[in-house]
Amino acid sequence: KSKLYFSVGQEHREPTRTDMFNGGDNINPLLTTLPSVSESVVDYELGINYKNNKLYVQADVFNMQFTNEFTPTGQLSPTGLPLMNQFQHNYRRGVELDLSYKISKHFKYSANATYMQGKIIETDVITVTPILTPNIIINNNIEYFCKKFIIGLSERYVSSSYIDLGMQNPDLTVPATSTYNSFIKISIKKNITLAFNINNIMNAKSYSSGYAVYRYDVNNKVIPGSGTPYYFVGSLRNYFVSLNLKF
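Here's what I pulled together on the structure shown here. Values in this document were obtained by computation on a predicted structure and should not be read as measured data. (Residues numbered from 1 in each chain as written. Predicted model: local features only at pLDDT ≥ 70, side-chain atom pairs only at ≥ 80, totals over all residues. Heavy atoms only, no water.)

## Some details on the pattern of salt bridges
Under the defined criterion, the tally for this structure stands at two salt bridges. Across the pair R13 and E39 runs a salt bridge whose closest N-O atoms are separated by 2.8 Å. Taken as a pair, R13 in strand β1 (residues 2-13) and E39 in strand β2 (residues 39-51) lie far apart in primary sequence, 26 residues in all. Assessed through its relative accessible area of 29%, R13 is described here as partly exposed. Residue classification places E39 among the buried positions, given a relative accessible area of 13%. Between E69 and R92 there is a salt bridge, with its nearest N and O atoms 3.1 Å apart. Of the two residues, E69 sits in strand β3 (residues 55-76) while R92 sits in strand β4 (residues 82-102), which places them 23 residues apart along the sequence. Classification of R92 as buried rests on a relative accessible area of 10%. (Salt bridge = Lys/Arg side-chain N within 4 Å of Asp/Glu carboxyl O. Helix = DSSP H or I, 4+ residues; strand = E, 2+ residues; numbered from the N terminus. Buried < 20%, exposed > 50% of the residue type's maximum accessible area, 1.4 Å probe, protein only.)

Laid out in structure tokens, this is it:
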């Protein structure tokens, strides 16, 4: 059984205190104007899904049109908050895929993937790529079911992304990462489930975000090639146990 669908959605967001105060806790007296225009996005999606006894597939294309979006520049304020610039026209366009397949009575495979390209339109002829916006995200999962046990293994891949809006330097990026996680769930009773998780099995380095720091000359201009990337680092291998009780 298959179904074709099309949707349109719109969302608005008012400027936050951080947006209006340029990353500060209080108004900077040097600022002559404060951002007061809300941002908005219109999301168009066209997709199809198919389902039978073993297979479920959903695929769609999307086009997100932003107006007056507050976009991080890659710089931080003195208090450590990300600095934003407001741009009149931006877009994110791409393809999404969601898949689930029952291999057998005991095995199930599922995956989802996104390929996206984003652009900030500065002028009629100049566009730049938004920072911290990876083009590719892929998740793969496989699960084994056996009586009261479920064992799962998952992989997550995230491609690289820029960390500085102004420079768009390929040396100043959040590196691409692949991480692997696993879990075991045990159904002790009908209302009691015990789970043991291992995250980042391979102990790989991963980064959730980043920013760049530059050196300046005597005229307070950025010295070319002086950018140094700094990252917010993800957790190395870690474990946790959870107990789920239903009443």
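## Some points on the layout of surface pockets
As a volume, the largest pocket reaches approximately 360 Å³. Looking at the lining of the largest pocket, the elements that each hand over two or more residues are β8 (149-158), β11 (177-189) and β13 (207-213). Residues that form the lining of the largest pocket fall into these classes: nine nonpolar, 10 polar and one charged. (1 Å grid on protein atoms, 1.4 Å probe; cavity = no way out; pocket = protein on both sides within 12 Å on 5 of 7 lines; lining within 4 Å. Points joined across faces, edges and corners; volume = space filled by probe spheres on them. Nonpolar A, V, L, I, M, F, W, Y, C, P; charged D, E, K, R; others polar.)

## Regarding a nonpolar patch on the surface
Judged by side-chain polarity, F149, I151, I184, I188, L194, F196, Y239, V241, L243, L245 and F247 come together as a nonpolar surface patch covering roughly 1,100 Å² of accessible area. Among the secondary structure elements, those contributing two or more residues to the nonpolar patch are β8, β11, β12 (192-199) and β15 (238-245). Here the nonpolar patch takes four residues from β15, the largest share from any one element. (Patch = residues over 30% accessible without salt bridge, like charges linked within 9 Å, V, L, I, M, F, W, Y side chains within 5 Å. Areas by Shrake-Rupley, 256 points an atom, 1.4 Å probe, with all protein chains shown as cover.)

## Comments concerning the pairing of β4
Strand direction decides the pairing type here: β3 and β4, joined by 18 bridges, are antiparallel. Each residue of the ladder has a partner; that of Q65, found in β4, is Y91. Sheet topology places β4 next to strand β5 (residues 107-121); 14 bridges connect them, and they run antiparallel. When the sheet's bridge partners are listed, L99 is paired in β5 with A111. Between the end of β4 and the start of β5, which pair antiparallel, lie four residues. (Pairing = 2+ DSSP bridges.)

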